[in-house]
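Chain by chain, the residues:
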Amino acid sequence: MSKRVILTGIRANNDLTIGNYLGALLPIVDMAKERAGEYRVNLFVPDLHSFTTPIDHSQLQAQIMQNLRVFAAAGLPLDHDDVHIYRQSYIPAHSELTWILDCFTGMGEMGRMTQFKDKSAKLSEDRISVGLFNYPVLMAADILLYNASYVPVGEDQTQHLEFTRDIATRMNNQFGELLTVPLPVPKQHEFFGKEQGLRIKDLQDPTKKMSKSDETGKGVVFMSDKPEDAAKKVMSATTDSVNKISFDPKNQPGITNLLQIMALLSGRSQQEVNAEWEGKERYGDFKNAVAEVVSAFMLQFQSTLATVDDGAILQKLQHSEAVMNETANATLLRVQKAVGLR
Ligand code: TRP
């Protein structure tokens, strides 16, 4: 029996934010540190997903490399044989399986995806790419090629994981045991713990997720922000007029977001941080304290990032991509045989 696979992709179309870091990267890095050996851990850059909406292509290569450095600086154990980093486009099977799965996917089912609806609503008809439309099919291929069971999914990706399960099940029903169906969302949450569903909110609009594709960037702390700029963004975060600190995502989303950021970036438990601040009334003092935690974290992270060895990353990529091509091609061949291409 081969090892179960934990897999996730972190997009490189823009600079990573502390939201990506805390919500997506740290949980998988922790898994890799604690469970590699028992599981195989795949962390990849979905570079083919990065221009489903228009980007500046002259920056893409640099961003891909920068994301990989961030993975290393976050503590991903690159020297572990069961930990793999790779670029999606270096494994051609992703594109090939996507095409095949496209032909078993309904227009209606793609049109119902909320991420597609949200993103396409901002674009004129002619600028909505077919790539944005079938983004979830490529994502399903990303997962199914490696027989992955565990995929940490934030709220915005749950529909995509459910689609992955649907298309895998549909193929299995038609062609026999072909693809590994990843575990359903509640099981994913059980496996990864509470942190994985966590979404850091935008500092300016704490009702929405902190997103790297946000145009203004005012409510978004990027991993490359100068510590003092990050601190300023915290200081101008939207709060509320309750005038009493409490951990209450519903009624005080801004304050709650800051409490979470404080706990996660300082490595203290949420309870401890809440106990220190709940009931206090001076938002200014609280923001100052959060800003200090954020800038200290940035300073420390960026100095680690500066020491990351590009040579080691490139070597690891080369090795991982060779191994990944083998795994992915084996899955692709099964599917090609099933549909009569081989
Ligand atoms: N769609 C994911 C995001 O926006 C990135 C992603 C692409 C992904 N392929 C994946 C995540 C496969 C998990 C598994 O964040």
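Bear in mind the structure is a predicted one, so any value in this text is a computation, not a measurement. (Residues numbered from 1 in each chain as written. Predicted model: local features only at pLDDT ≥ 70, side-chain atom pairs only at ≥ 80, totals over all residues. Heavy atoms only, no water.)

**Notes on the packing of aromatic side chains**
Within this structure, the stated rule accounts for 12 aromatic pairs. Arranged with centres 5.4 Å apart and planes meeting at 75°, the rings of Y39 and F191 form a pair that is edge-to-face. Linking Y39 in the loop between α1 (18-35) and β2 (40-45) with F191 in helix α9 (residues 185-192), this pair joins segments that are 152 residues apart in sequence. Like Y39, the residue F191 is buried in the burial classification. Ring geometry for F297 against F301: centres 5.8 Å apart, planes inclined by 25°, an arrangement best described as stacked. With F297 and F301 both in helix α13 (residues 283-306), this residue pair falls four residues apart, about one helical turn. (Phe/Tyr/Trp six-rings, centres within 6.5 Å; stacked < 30°, edge-to-face > 60°. Helix = DSSP H or I, 4+ residues; strand = E, 2+ residues; numbered from the N terminus. Buried < 20%, exposed > 50% of the residue type's maximum accessible area, 1.4 Å probe, protein only.)

**What about the packing of helix α11 (residues 253-266) against helix α12 (residues 270-277)?**
Packing of α11 against α12 leaves a shortest axis separation of 9 Å and a crossing angle of 125°. One element, α11, and the other, α12, form an angle in the oblique class. Viewed along their axes, α11 and α12 form a crossing whose handedness is right-handed. Contact with α11, carried on its side by L259, Q260, M262 and A263, involves Q270, V273, N274 and W277 of α12 and no other residues of that element. For the contact of α11 with α12, a count of residues per class yields five nonpolar, three polar and no charged. (Axes fitted to C-alpha atoms, helices over the stretch in contact; angles between N-to-C directions. Parallel < 35°, antiparallel > 145°, perpendicular 65-115°, else oblique. Left-handed = near helix turned anticlockwise from the far one by under 90°. Contact = heavy atoms within 4.5 Å. Nonpolar A, V, L, I, M, F, W, Y, C, P; charged D, E, K, R; others polar.)

**Quick look at the site of the ligand**
Near the ligand you find 13 residues, and of these R11, Y135, M139, D142 and Q157 are the closest. Measuring from a nitrogen atom of the ligand, one finds a side-chain N or O atom of Y135 at 2.7 Å. Within the side chain of D142, an N or O atom sits 2.6 Å from a nitrogen atom of the ligand. Those elements that place two or more of their residues in the shell around the ligand are β1 (5-9) and α7 (135-144). Of the residues forming the shell around the ligand, the biggest block, four residues, is contributed by α7. The residue inventory of the shell around the ligand, partitioned by class, reads seven nonpolar, four polar and two charged. (Near = heavy atom within 4 Å. Polar contact = N/O pair within 3.5 Å; in protein donor to acceptor, adjacent residues only side chain to side chain.)

**Concerning the pairing of β1**
Of all five residues in β1, four are buried, a share of seventy percent or more. With five bridges joining them, β1 and β2 adopt parallel strand pairing. Residue V5 lies in a different strand from β2, and its bridge partner there is R40. In this structure, β1 lies alongside strand β4 (residues 148-150), joined through two bridges in parallel fashion. Bridge assignment links V5 to a residue of β4, and that residue is A148. (Pairing = 2+ DSSP bridges.)

**Some thoughts on the packing of helix α3 (residues 93-102) against helix α14 (residues 310-339)**
Running from N to C, α3 and α14 cross one another at 25°; their axes reach a closest spacing of 10 Å. The orientation of α3 with respect to α14, classified from their angle, is roughly parallel. Here α3 runs over α14; the crossing is left-handed. Note on element contacts: α14 touches α3 through A328, N329, L332, V335, Q336 and V339, opposite A93, E96, L97 and I100.

**A closer look at the sheet that holds β2**
Reading across from one edge, β3-β2-β1-β4 is the order of the four strands in this open sheet, with parallel pairing throughout. Whereas interior strands pair on both sides, the edge strands pair on one side only; in this sheet they are β3 (83-87) and β4. Strand after strand, the sheet turns through a mean of 40° between neighbouring axes, direction not considered. Pairing analysis gives five bridges linking β2 to β3, with the strands arranged parallel. Bridge pairing in β3 links V41 to V83. Docked against the sheet, α9 engages β1 and β4, running at close to 65° with respect to β4.

**Overview of helix α10 (residues 227-235)**
Residues P227, A230, A231, K233 and V234 constitute the buried set of α10. Looking down the long axis of α10, one finds its buried residues gathered within 160° of arc, a one-sided arrangement. Of the surrounding secondary structure, the elements contacted by the buried residues of α10 are α11 and α13. (Arc of directions from axis to C-beta.)

**Some details on the domain arrangement of the chain**
It is common to give the size of an interface as the accessible area that goes away when the parts come together. Taken as a whole, the chain is organised into domain 1 (5-193 + 309-339) and domain 2 (227-305). The C-alpha-based centres of domain 1 and domain 2 are spaced at 31 Å. The largest contributions to the domain 1 side of the interface with domain 2 come from I18, L22 and A73, which together make up 64% of the buried area. On inspection of domain 1 and its partner domain 2, the count reaches zero salt bridges. Summed over the shared surface of domain 1 and domain 2, the result is zero residue pairs in polar contact (both at pLDDT 80 or more). Among the residues forming the side of domain 1 that touches domain 2, the class breakdown is six nonpolar, one polar and one charged. (Domains from an automatic or database assignment. Buried area = accessible area lost by both parts, 1.4 Å probe. Salt bridge = Lys/Arg side-chain N within 4 Å of Asp/Glu carboxyl O.)

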